[in-house]
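# A structural walkthrough
Take a look at the letters that make up each chain.
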Amino acid sequence: MILVTGGAGFIGANFVLDWLAENEEPVLNLDKLTYAGNLENLAALAGNPRHIFIQGDIGDAALLEKLLTTHQPRAVVNFAAESHVDRSIHGPEDFIQTNIVGTFRLLEAVRGYWSRLDDAARATFRFLHVSTDEVYGSLTAEAAPFAESHRYEPNSPYSASKAASDHLVRAYHHTYGLPVLTTNCSNNYGPYHFPEKLIPLMIVNALAGKPLPVYGDGMQVRDWLYVKDHCSAIRRVLAAGRLGETYNVGGWNEKPNIEIVHTLCDLLDEMRPRDDGQPYRTQIIHVADRPGHDRRYAIDARKIERELGWRPAETFESGIRKTVRWYLDNQDWVANVQSGAYRTWLQTNYGEALK
Ligand code: NAD
Ligand code: TYD
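## Quick look at the sheet that holds strand β2 (residues 27–31)
One open sheet accounts for seven strands, arranged β3-β2-β1-β4-β5-β6-β10; its pairing is parallel. Either end of the sheet is taken by a strand with one partner, and the two such strands are β3 (51–55) and β10 (246–249). Pairwise comparison of adjacent strand axes, ignoring direction, gives a mean angle of 20° for this sheet. Taken together, the five bridges between β2 and β3 define a ladder with parallel strand orientation. When the sheet's bridge partners are listed, L28 is paired in β3 with I52. Sitting on the sheet, helix α6 (residues 157–176) touches β5 (126–132) and β6 (180–185), and the angle it makes with β5 is about 155°. Along the sheet face, helix α8 (residues 227–240) touches β4 (75–78), β5, β6 and β10 and points at about 145° away from the line of β5.

Structure (C-alpha cells):
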C-alpha cells in the first residue's frame, strides 16, 4: 500500500480518489483534519476496504512509527501542509509547525522505517514530497518561467515554510540516502477546492450575490493546472522519477487574476444567469493588495515532459468549465463548508463505527 498524508484536503482527496479508481493498491490516508481537511471529499470511498483513514498529525512521531510498522507502505506521498498564503500572513505559526517541523518528523519516522526494510524493499521505497512553485519567488513580466534550477526566493511565510521542507527532503536524500522525489507545482483548481482560494471563492461569492474581491490591480499572473493533471503528474513521478530529483509541474496556462475572474463571471452568465439578468462582472470590486504579493508565477514543465512523458490532459478552457459545473452541481458541499457542518461529517455519517 501507499501512505498518503493530507488526503482529505483539496489535492490529496483528488489524488486518493483517482488512485483508487485506477489502482488495486490500497491507500492509508493520514490527515489531521484541520479546517482544510474535509472527509466529505472522500464520501465516495465510504465502505471501500482499500481506503484506510487515520485522523492524525504528521508531527506525531509515535503515531507515524506505529502506522509505518503496522501497514508497511512501499511509498509515502506527502501532501499534508498549511496551504493558504493569506492565512500564513495573519498567523505563520501553524505553517512552521506543520510544513517544517511536521515534514521533519515525517522524514525522521520514514528514515527509521526505511532503514529497517530488507534490501529489496529498501531499493524500491519512495518518499514523494508535494511542493509548490511559490518557493521560487516572483517573476518579472519578461522573465523565463521557473526551471528546476531556479534559485529559491520565497516571499511569504507559506512559501518560506514549503522551501524549508523541500530543503529537508533534499538533505535526507543526500545525507541518509532516503529515496526521495519532489514535485513543485503551479496553482491548482478543480473539484473540492476550499472556497478561500481565488477560483472557488469567486464562484461561491458570485452565486451568493456577494462582492468578488480582486486584490490590487488584478494583474498578478498565476499558472493554472487542473487538479487531476497534477495528480497524474504525481503518479508518473512516483512510478518513474529519478531519485533525488525535483520536477516542476505546470499547465502552460499563465493568466492574470482579473482574466480568471472575468472568465468565471462569463461562464456563470451562461450556465446560471442571475435572476435580474445583470452580468456577474458587476459584482467585481478591487480591494487592498496582499502584503508582499508575488507578481507572477510561471512553470517551465519541460523536464517532466522530456524525462517522464507527462503533459496535462486538460486545457484551461475545458478544466475551468468542468470546475464551474462541479460547483453548480455540488451546492450541498459548498453549504456544508460554509456552515462548518463538514467538520462533523465523520460523526454524522459513520457515528460510532469509526471511533
Ligand atoms: P489543503 O489546505 O486543501 O489540504 C491540506 C490537507 O493537509 C488538509 O486535509 C489538512 O487537514 C491536512 N493537514 C494539515 N496539517 C496537517 C498535519 N500536521 N498533519 C496531517 N495532516 C495535515 O491543501 P492543498 O491545496 O490540497 O495542497 C496540498 C499540498 O500541495 C500542499 O503541500 C501544498 O503546499 C501543495 N501545493 C498546493 C497547490 C495548490 O494550488 N493548492 C499548488 C502546488 C502545491
Ligand atoms: P490564491 O488562490 O490564494 O493562491 P496563491 O496565493 O497561492 O497563488 O490566490 C491566487 C491569486 O488570486 C493571488 O494572486 C491572490 C489573488 N486573490 C484575489 O485577488 N482575491 C482573493 O479573494 C483571493 C483569495 C486571491
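## Overview of the site of ligand 2
Within the structure, ligand 2 sits among 18 residues, and E134, P213, R222, R290 and H293 are positioned closest to it. A distance of 2.5 Å is found between an oxygen atom of ligand 2 and a side-chain nitrogen or oxygen belonging to E134. Among the residues forming the shell around ligand 2, the class breakdown is eight nonpolar, five polar and five charged.

## Section: the pairing of strand β8 (residues 212–215)
Every second residue of β8 is oriented toward a common face, the buried set being L212 and V214 and the non-buried set P213 and Y215. Of the pairings in the sheet, the one linking β8 to strand β12 (residues 284–287) comprises four bridges and is parallel in character. When the sheet's bridge partners are listed, L212 is paired in β12 with I284.

## A closer look at the pattern of salt bridges
Opposite charge on two side chains permits them to pair, given that their charged atoms come into close proximity. Within the structure shown, the criterion is met by 23 salt bridges. One salt bridge connects D119 with R122, and the closest N-O pair in it is separated by 2.9 Å. In this pair, D119 and R122 are both assigned in helix α5 (residues 119–124), three residues apart and thus about one turn of the helix distant. Accessibility expressed as a relative area gives 57% for D119, which makes it exposed. Judged by its relative accessible area of 27%, R122 falls in the partly exposed class. The closest approach of N and O atoms between D329 and R325, which form a salt bridge, is 3.2 Å. A residue pair is termed a helical-turn pair when its members lie 3 or 4 positions apart in one helix, as D329 and R325 do in helix α11 (residues 316–329) at four residues. Residues joined by salt bridges that share partners form a network here, namely R242, E245, K303 and E307.

## Description of helix α7 (residues 198–207)
Within α7, seven of the 10 residues are buried, leaving the element largely enclosed by the surrounding structure. Buried within α7 we find I199, P200, M202, I203, V204, N205 and A206. Next to the buried residues of α7 lie β7 (187–189), β8, β9 (221–226), α9 (257–271), α11 and α12 (331–339). After α7 finishes, the residue G209 shows a positive phi value of roughly 75°.

What counts, and where the lines are drawn
- Residues numbered from 1 in each chain as written.
- Chains lettered and ligands numbered in written order.
- Predicted model: local features only at pLDDT ≥ 70, side-chain atom pairs only at ≥ 80, totals over all residues.
- Heavy atoms only, no water.
- Pairing = 2+ DSSP bridges.
- Helix = DSSP H or I, 4+ residues; strand = E, 2+ residues; numbered from the N terminus.
- Axes fitted to C-alpha atoms, helices over the stretch in contact; angles between N-to-C directions.
- Contact = heavy atoms within 4.5 Å.
- Near = heavy atom within 4 Å.
- Polar contact = N/O pair within 3.5 Å; in protein donor to acceptor, adjacent residues only side chain to side chain.
- Nonpolar A, V, L, I, M, F, W, Y, C, P; charged D, E, K, R; others polar.
- Buried < 20%, exposed > 50% of the residue type's maximum accessible area, 1.4 Å probe, protein only.
- Salt bridge = Lys/Arg side-chain N within 4 Å of Asp/Glu carboxyl O.

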